[in-house]
Amino acid sequence: MKEFNIFSVWFINLLLLESSSCAGDSSVVNPCCYYPCQNSGVCVRFGTDRYECDCTRTGFYGVNCTVPELWSRVRLMLKPSPTSVHYILTHFHWIWDLVNSSFLRDTFMRLVLTARSDLIPSPPTYNTKYGYLSWESYYNISYYTRLLPPVPEDCPLPMGAKGKPDLPDPKVLAERFFKRETFRPDPQGSNLMFAFMAQHFTHQFFKTNHEVNGAFTKALGHGVDASNIYGDNLMRQLQLRLLKDGKLKYQIVNGEMYPPTVAEVPVHMVYPENFPPEKRLAIGQEVFGLLPGLTMYATIWLREHNRVCDILKAEHPTWDDEQLFQTARLIIIGEIINIIIEEYVQHLSGYLLDLKFDPTLLFNSRFQYSNRIALEFSHLYHWHPLMPDSFLIDGDEIPYSQFIHNTSLLLHYGVEKMVDAFSRQPAGQIGGGRNSHVVVLKVAEMVIKESRATRVQPFNEYRKKFNLKPYTSFDEFTDDEEMARGLEELYGDIDALEFYPGILLEKTRPNRLFGESMVEMGAPFSLKGLLGNPICSPEYWKPSTFGGETGFNIVKTSTLKKLVCLNTKWCPYVDFHVPQNEEEEKPREPSTEL
């Protein structure tokens, strides 16, 4: 019996030696490809087939970080689900009327900000090159950061260890699940004023460098810096500036201020080769000549900057051009953040809690005033289903063929008529799939290809990261049976569904713009980026930063309506929501009183 035991030990050791000598064998699967570490635990590979989960500060322990610590157990028992929280925040008007009119508004707003922002790591963690923490990931700001590391390169399947050996053709995905059949308006009432703001606002920090494979960004700033107004480098900024009284260059057409042409300001702009030079407008963002809605917003912000400069000069006659410009830019950045939080994000959320832009709410909290734009944030923000089938302006229906790269529309109709038209025309519903106009369908294909090149982890892994329950089937993921069967046919497993198709095709919340994941993932990125801006820090958030109380009040009291109506001859209907009552439908009398 003793001899048998000795022989058994010798034989087992021999097998172990043989297996270790085959460490380079392609049949050995990286255990991290199974995403075993839960609750934000970090998977670290040892040897060829062993891993450990680092559960540090996750609130969990165990082999896979699945056993909650005492306080985590209590928190999980008491914490309502995202669905329950959303329901509470979007129902019970009488409760929220009470909250909004009392000190409780600040308390709830602080909770919203901290709960959302805590989900975004600061300093940044990963990038596409490194699936582990590195100095390069932190220091090299030419990369987008990453919330989750890339899918390991040595995984047996494209999305890890589940799904099919080949991912579906992006063109097939776009045609079957993204392409619009019939325009489906957003049930929340979003309009084209909202849609164009989404594009204009985000293109100051979403500037993917498509010439380099690896999720690089051309944006020098990683947040709200108004580079879409002033240019993203000093040379472009100086070319756009008048260099007098702090103002930007402009041209006067029919007595109104518009961006100058490239003949006057020779900055690089993206226009078709045969496009007339006199119609090429010079704007901070080089692609904003693409859509009249973007040139409209560029014109409004140009006028607002120069208006603010006049106010600052009247109060500070000793200031030179540089100080007037730099202070006006800070005021403009403050106005942007205020409008985005109190009106744009407010509309997106559908919350009955009145959101409030008040940086002092975080002054006593653990909060870092820095931000890095994440690749995942850039991908999820491709909201092209918002675009309609055609554009309705002053009684005219304009097809895409006459809308794209047509700057003359802005000069023909004027800012007032365009704002009024875009505020009244419904935008499309983003979530649920099958609502992207054929003109923008290639964008979906591009994002899917980019996500594969950068090895973005599966959709369900991001659900877990944002404390959402992963889907167990395609039938649970979508309420469209045909789509569920089609996705199952192409992907094979719900755990292999890609991030971008997951975000865009997920069933929408009842009467909402998109599904649960878009809100629960997008909001943390957005609020962290907005409140992480330097002007929101204790060092900056004071009157002197903005030239005194007058400039400070411009920031704190800014609204979309003021932005438009203080810079137009008459005040059109302006909102991120289509008119909700007869009063809004009526034509407005010319007025600049606000």
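This text goes with the structure placed above it.
Quick notes on the rules
Residues numbered from 1 in each chain as written. Predicted model: local features only at pLDDT ≥ 70, side-chain atom pairs only at ≥ 80, totals over all residues. Heavy atoms only, no water. Helix = DSSP H or I, 4+ residues; strand = E, 2+ residues; numbered from the N terminus. Rg over C-alpha atoms; globule rule 2.2 N^0.38 Å. Buried < 20%, exposed > 50% of the residue type's maximum accessible area, 1.4 Å probe, protein only. Salt bridge = Lys/Arg side-chain N within 4 Å of Asp/Glu carboxyl O. Disulfide = S-S within 2.5 Å. Polar contact = N/O pair within 3.5 Å; in protein donor to acceptor, adjacent residues only side chain to side chain. Phe/Tyr/Trp six-rings, centres within 6.5 Å; stacked < 30°, edge-to-face > 60°. Lys NZ or Arg CZ within 6 Å of the ring centre and 35° of its normal. Core = buried A, V, L, I, M, F, W, Y, C linked by side-chain atoms within 4.5 Å. Contact = heavy atoms within 4.5 Å.

Chemist: Just give me the short version of the overall build of the chain, but keep the residues and values in it.
Modeler: Per the secondary structure count, the chain includes 24 helices and eight strands. A compact globule built from 594 residues would reach a C-alpha radius of gyration of about 25 Å, and the chain, at 26 Å, matches this within 12%. Projecting the C-alpha coordinates of the chain onto the three principal axes gives extents of approximately 105 × 50 × 50 Å. Taking all 594 residues of the chain together, the buried fraction comes to 54%.

Chemist: Residue-level account of the pattern of salt bridges, with values.
Modeler: The final tally for this structure, using the stated rule, is 31 salt bridges. For glutamate 506, the salt bridge goes to arginine 463, with nearest N and O atoms at 3.3 Å. Remark: arginine 463 occurs in helix α17 (residues 459-465) and glutamate 506 occurs in the loop between α20 (499-505) and α21 (516-531); sequence separation between them is 43 residues. Of the two residues examined, glutamate 506 and arginine 463, each falls in the buried class. The partner of arginine 463 in a salt bridge is glutamate 516, with the nearest N and O atoms 2.8 Å apart. Taken as a pair, arginine 463 in helix α17 and glutamate 516 in helix α21 lie far apart in primary sequence, 53 residues in all.

Chemist: An account of the state of the cysteines is needed here, citing residue identities and associated values.
Modeler: Working definition: the covalent bond between the sulfur atoms of two cysteines is a disulfide. A full pass over the atoms with the stated rule returns five disulfides. At a sulfur-sulfur separation of 2.0 Å, the disulfide partner of cysteine 32 is cysteine 43. With the S-S bond torsion at -85 degrees, the cross-link from cysteine 32 to cysteine 43 turns out left-handed. Taken as a pair, cysteine 32 in the loop between α1 (2-21) and β1 (42-46) and cysteine 43 in strand β1 lie far apart in primary sequence, 11 residues in all. Note on cysteine 32: relative accessible area 11%, which makes it buried. The exposure class of cysteine 43 is partly exposed, given its relative accessible area of 25%. A sulfur-sulfur separation of 1.9 Å characterises the disulfide bridge that pairs cysteine 33 with cysteine 155. Between cysteine 33 and cysteine 155, the disulfide has an S-S torsion of -100 degrees and is therefore left-handed.

Chemist: Explain the side chain of serine 537 to me, and be specific about the residues and the numbers.
Modeler: In this structure, serine 537 sits in the loop between α21 and α22 (549-556). Side-chain polar atoms of serine 537 contact the backbone oxygen of proline 534, separated by 2.7 Å.

Chemist: Kindly report on the packing of aromatic side chains, identifying the contributing residues and their values.
Modeler: Scanning the model with the defined rule gives 38 aromatic pairs in all. Taking 3.7 Å as the distance between ring centres and 5 degrees as the angle between the ring planes, the aromatic pair formed by phenylalanine 391 and phenylalanine 403 counts as stacked. Taken together, the residues phenylalanine 391 in strand β7 (residues 391-393) and phenylalanine 403 in helix α14 (residues 400-403) connect sequence positions 12 residues apart. Of the two residues, phenylalanine 391 and phenylalanine 403, both sit in the buried class. Aromatic pair tryptophan 541 and phenylalanine 552: ring centres 4.9 Å apart, planes at 70 degrees, arrangement edge-to-face. Highlighted residues: tryptophan 541 in the loop between α21 and α22 and phenylalanine 552 in helix α22, separated in sequence by 11 residues. The buried category is assigned to phenylalanine 552, whose relative accessible area is 6%. Of the aromatic side chains, those joined through ring pairs into one cluster are Phe194, Phe201, Phe205, Phe206, Tyr344, Phe377, Tyr381, Trp383, Phe466, Phe514, Phe525 and Phe576. Across from the ring centre of phenylalanine 325, 4.0 Å away, lies the NZ or CZ of arginine 241, which sits over that ring. The residue whose ring lies beneath lysine 556 is phenylalanine 552, and the NZ or CZ to ring-centre distance is 4.1 Å.

Chemist: Report on the nonpolar core, specifying residues and quantitative values.
Modeler: Membership of the largest hydrophobic core comes to 149 residues, with the highest contact counts inside it found for Phe196, Tyr344 and Trp383. Here the element with the most residues in this core is helix α12 (residues 321-349); it accounts for 14 residues. Ignoring any residue separated from it by four or fewer positions in sequence, one finds tyrosine 344 in contact with Phe194, Met197, Ala198, Ile339, Tyr381, Trp383 and Phe576. Counting five residues, the second-largest nonpolar core is a separate cluster that includes Cys37, Cys53, Phe60 and Cys65.

Chemist: Quick rundown of unusual backbone geometry? Include the residues and the values.
Modeler: Of note, the amide linkage connecting serine 122 to proline 123 takes the cis form, showing an omega dihedral of 5 degrees. Inspection of the secondary structure puts proline 123 in the loop between α5 (104-117) and α6 (135-139). At serine 40, a position not held by glycine, the phi torsion is positive, near 70 degrees. Along the chain, the position of serine 40 falls in the loop between α1 and β1. In this structure, aspartate 394 takes a positive phi of about 50 degrees despite not being glycine. Looking at the secondary structure, you find aspartate 394 in the loop between β7 and β8 (396-398).

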